[in-house]
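Structure at a glance
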Amino acid sequence: MPDACPGAWRRHDAADGALARFRPVGGAVTGAELRVLADAAATGGSPLELTSRGSLQVRGLTAEGADRLAATLRALGGDGALLDAQGRDVPCSVVASPSGLLDDAARAVAAALRGRTDVPGRLLVALDDGAGDVAALDGDVTVVDGALVLAGTPTDLTGDPAALALAAVEAFLEVRDGAWRLAEVGPERVLTGVTGWYRSLSERYQPVTARDDARPEVTEVLPRLGEIDTATAGVLADLADERATVRVTPWRTVVLRDLADPDDALRRLAGLVETGPSPWSHLSACVGAPRCARSHTDVRGDLARAVATGRAGGLLHAHWVGCSRACGTPAGPVAVVEGTPDGTYRTIVRAGRVSP
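A few points on the structure. (Residues numbered from 1 in each chain as written. Predicted model: local features only at pLDDT ≥ 70, side-chain atom pairs only at ≥ 80, totals over all residues. Heavy atoms only, no water.)

One finds Phe22, Leu37, Val58, Leu69 and Val254 to be the most contacted residues of the largest nonpolar core, which totals 38 residues. Of all the elements, helix 1 (residues 31–43) adds the most residues to this core, at six residues. Here Val58 is in contact with Ala18, Leu19, Ala20, Phe22, Leu37, Ala40, Ala41, Leu48 and Leu69, once residues within four sequence places are set aside. If you look at the next biggest cluster of nonpolar residues, it comprises 37 residues, including Leu127, Ala171, Leu173 and Val190. (Core = buried A, V, L, I, M, F, W, Y, C linked by side-chain atoms within 4.5 Å. Buried < 20%, exposed > 50% of the residue type's maximum accessible area, 1.4 Å probe, protein only. Helix = DSSP H or I, 4+ residues; strand = E, 2+ residues; numbered from the N terminus. Contact = heavy atoms within 4.5 Å.)

Here Thr340 is to be found in the loop between strand 16 (334–339) and strand 17 (345–350). What makes Thr340 buried here is its relative accessible area of 14%. With residues near it in sequence (within four places) discarded, Thr340 still touches His296, Thr297, Tyr345 and Arg346.

Next up on the list: the sheet that holds strand 8 (residues 147–150). If you trace the five strands from one edge of the open sheet to the other, you get 5-6-7-8-9, paired in mixed fashion. Two strands lie at the open edges of the sheet, namely strand 5 (93–96) and strand 9 (153–158), each paired on one side alone. On average, adjacent strands in this sheet sit at an angle of 20° to one another, irrespective of strand direction. Sheet topology note: the strand 5/strand 6 (residues 124–128) ladder contains four bridges and is parallel. Bridge pairing in strand 6 places Val94 opposite Val125. Strand contacts of helix 3 (residues 103–113): strand 5 and strand 6, with the helix running at about 160° to strand 6, the strand carrying the most contacts. Most of the contacts of helix 4 (residues 161–175) go to strand 7 (residues 141–144), to which it runs at about 160°, and overall it touches strand 6, strand 7, strand 8 and strand 9. (Pairing = 2+ DSSP bridges. Axes fitted to C-alpha atoms, helices over the stretch in contact; angles between N-to-C directions.)

Counting buried positions along strand 6 yields five of five residues, so the element is predominantly enclosed. Going residue by residue along strand 6, you find Leu124, Ala126 and Asp128 tucked away on one face and Val125 and Leu127 tucked away on the opposite face as well. Handedness of the crossover is the feature at issue here: the chain leaves strand 5, passes through helix 3, returns alongside strand 6, and the resulting connection is left-handed. Pairing analysis gives four bridges linking strand 6 to strand 7, with the strands arranged parallel. Of the residues in strand 7, the one forming a bridge with Ala126 is Thr142. (Right-handed = clockwise from strand over helix to strand, strands pointing away.)

Another point: the packing of helix 6 (residues 230–241) against helix 7 (residues 262–269). Two elements in contact, helix 6 and helix 7, have axes whose closest approach is 10 Å; the angle formed by their N-to-C orientations is 160°. Taken together, the axis directions place helix 6 and helix 7 in an arrangement best described as roughly antiparallel. For the pair helix 6 and helix 7, the crossing hand works out as right-handed. Across from Val235, Leu236, Asp238 and Leu239 in helix 6, the residues of helix 7 making contact are Ala265, Arg268 and Leu269. Looking at the contact of helix 6 with helix 7 residue by residue, the classes come out as five nonpolar, no polar and two charged. (Parallel < 35°, antiparallel > 145°, perpendicular 65-115°, else oblique. Left-handed = near helix turned anticlockwise from the far one by under 90°. Nonpolar A, V, L, I, M, F, W, Y, C, P; charged D, E, K, R; others polar.)

Summarising burial for helix 8 (residues 299–308): seven of the ten residues are buried, a large majority. Buried residues along helix 8 sit in contact with strand 11 (227–228), strand 14 (283–285), strand 15 (318–321) and strand 17.

Let us look at the packing of helix 1 against helix 2 (residues 63–76). Direction vectors running N to C along helix 1 and helix 2 enclose 175°, while the axes themselves pass 10 Å from each other. Judged by the angle between their axes, helix 1 and helix 2 are roughly antiparallel. From helix 1, Ala32, Glu33, Val36, Leu37 and Ala40 reach across to helix 2, where they touch Leu69, Thr72, Leu73 and Leu76. The class makeup of the residues in the contact of helix 1 with helix 2 is seven nonpolar, one polar and one charged.

Moving on, we come to the packing of aromatic side chains. Applying the stated criterion across every chain, the model contains one aromatic pair. Judged by centre distance (5.0 Å) and plane angle (50°), the rings of Trp320 and Tyr345 are tilted. Taken together, the positions of Trp320 in strand 15 and Tyr345 in strand 17 put the pair 25 residues apart, joining distant regions of the chain. You can call Tyr345 partly exposed: its relative accessible area is 25%. Note that Arg176 overlies the ring of Trp180, its terminal NZ or CZ placed 5.1 Å from the centroid. (Phe/Tyr/Trp six-rings, centres within 6.5 Å; stacked < 30°, edge-to-face > 60°. Lys NZ or Arg CZ within 6 Å of the ring centre and 35° of its normal.)

Here we have four strands laid out as an open sheet, ordered 14-15-16-17, and mixed in their pairing. Of all strands in the sheet, those with a lone pairing partner are strand 14 and strand 17, marking the two edges. Mean inter-strand twist for the sheet, computed between neighbouring axes without regard to direction, equals 20°. Strand direction decides the pairing type here: strand 14 and strand 15, joined by three bridges, are parallel. Its bridge partner being in strand 15, Leu283 is matched across the sheet by Ala318.

What follows is the structure, given as structure tokens:
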């Protein structure tokens, strides 16, 4: 079966038009990229969307508009860009701890995978600096503080994060046989091949020197339901132009580093995103009707009304969805609030991911 996961050039046809997905390398996005993406999303009638894998989605595109968007991003280029000078995107998600300590390693992994058609879009590579943040994302290949974890199973292998992650991806591809996720073939079969790949790849993928271990000051803000409109994108892009580092995360938040004045940044973002404690902090949702033809309900409208009346926004993460596919369900304990054909909702508490 061909890979149906959307990308920059391979799109998903939704009820509201074509959907293109862009996978930032370790969450990195530039001000110019943000402006282009947000403008394209606004033209399609939707905000720019953050996903549970740290990707950026643009909805409501025409075929011509989608091609034009990809071509514009390709022209921007740059180190670790969404699309490189050849127009190649990253085929799967490569996420990294937002501290920035593993940014170079994430770029090395992404550079080795760009443009490859044998890497399934559902694969998730996570590089964790020891904080344990992206290690909790149900990754296929995770390197935590230099130690390899395969589909949640720790191994005894340690080494350079980028080269070790790439060795695990190559070992998975050798035994994949049509599987989309590493857990489908089992960590044991992949682990058998990792050591050989790691040795043979050492000349192709040079070790990446880790950054200083000092963790930088970060400011994290929350766009409601991961939606970034043009006004929000404009402020974030302006901050990036002022030498701030912007990172989107798999928690549908935006992390800002190297801010000249964090208080000023928060003032400029006030009213556009959540900048403090908020009932939206533990809420997420699929896109719902009318933008998704499968959805039984107007998920986001119903959720907004539930928050306004105090019926949503507790400590347990709740993910609202319009059908049983439960798209976008995050990893870990979560209450899935599922829309039903009669327009009501039922709640199912899950211990882990509902759908890929």
